[in-house]
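Given next are the chains, with one letter for each unit.
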Amino acid sequence: MIAGLFPQAYPAVDARLSQARGWVASRRRRNADAQPSPPLSVVRRPGVTVVIPSRDGLALLREMLPPLLAQLAHGEVIVVDNGSTDASAEIARRDFPQFRLIQNGRNLGFGSGNNVGIRAARGAALLLLNQDTEAPPDWVAGMTRTLDSDPKFGAVGCKLLY
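What you see is a predicted model, and the numbers here were worked out from it, not measured in a lab. (Residues numbered from 1 in each chain as written. Predicted model: local features only at pLDDT ≥ 70, side-chain atom pairs only at ≥ 80, totals over all residues. Heavy atoms only, no water.)

Let us look at the packing of aromatic side chains. Using the criterion set out here, one finds 1 aromatic pair in the structure. Ring geometry for Phe96 versus Phe99: centroids 5.7 Å apart, planes at 10°, classification stacked. By the burial criterion, Phe96 is buried, and Phe99 matches it. (Phe/Tyr/Trp six-rings, centres within 6.5 Å; stacked < 30°, edge-to-face > 60°. Buried < 20%, exposed > 50% of the residue type's maximum accessible area, 1.4 Å probe, protein only.)

What follows is the structure, given as structure tokens:
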């Protein structure tokens, strides 16, 4: 780092580096006696939450939701409606009452729609899906089995077929 090589040329940067080094050292001393965090498998809550942001996806949701229902014995599906103008929110509420529906007043986009669903999720594992996804019959079990196979795993991905 240049500031470390030439402290006289960059006194403000060198002072901040020295301050940061002191802070890191004090945190290490304070945390030396702390109990380690429990393994991830101990912290996990049971179940799976599938989050599906949706916008005007009536036909897609009708195809996608029934197969997910068959796969989720212990879990939940959250459909996040991003200001749909079709009847998809009403149909999801009426035809799939076992799924949670969150209605945004406007289109927040895919990323923010996922974030809304994630904040509402109760499951230990989160599965994020597009509304046009087709999940094979053993997809949820395969994803959770892989995630649970090693406590160091925090995320897994699946093969995408187009």
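What follows concerns the confidence of the model for the protein chain. Do not read the predicted coordinates in detail wherever pLDDT is low. Per-residue confidence for the protein chain gives a mean pLDDT of 78, with 73% of residues at or over 70. Ranking the elements of the protein chain by mean pLDDT puts helix α3 (residues 40–43) last with 40 and strand β3 (residues 100–104) first with 92. Long-range and interchain partners of residues 1–6, a stretch whose pLDDT sits below 50, account for 7 contacts in this model, where long-range means more than four residues apart. Confidence over residues 37–45 falls short of pLDDT 50; this stretch has 11 contacts with residues more than four positions distant or in other chains. (pLDDT = per-residue confidence, 0-100. Helix = DSSP H or I, 4+ residues; strand = E, 2+ residues; numbered from the N terminus. Contact = heavy atoms within 4.5 Å.)

Let us look at the pairing of strand β4 (residues 125–128). Alternating positions in β4 separate cleanly, Ala125 and Leu127 being buried on one face and Leu126 and Leu128 remaining unburied on the opposite face. Pairing of strand β1 (residues 48–54) with β4, which is carried by 4 bridges, proceeds in the parallel orientation. Residue pairing in the sheet places Val48 in a bridge with Ala125 of β4. (Pairing = 2+ DSSP bridges.)

This part covers the sheet that holds β1. Strand order across the open sheet formed by 4 strands is β3-β2-β1-β4, with parallel pairing between neighbours. Every interior strand has two partners, whereas the edge strands, β3 and β4, have only one. Averaged over all pairs of adjacent strands, the angle between strand axes in this sheet comes to 20°, irrespective of strand direction. Pairing of β1 with strand β2 (residues 75–82), which is carried by 7 bridges, proceeds in the parallel orientation. (Axes fitted to C-alpha atoms, helices over the stretch in contact; angles between N-to-C directions.)

The next point concerns helix α4 (residues 58–71). Between its first and last C-alpha atoms α4 spans 21 Å; for 14 residues at 1.5 Å apiece the expected length is 20 Å, and the two agree. Of all the bends found along α4, the most pronounced is centred on Leu65 and spans about 25°, while Pro66, a proline, follows it within four residues. Along α4, the residues that are buried comprise Leu61, Met64, Leu65, Leu68 and Gln71. Residues of α4 that are buried make contact with β1, β2, α5 (88–95) and α7 (139–148). (Expected span 1.5 Å × (residues − 1). Bend = angle between axes of the 7 residues up to and from the residue.)

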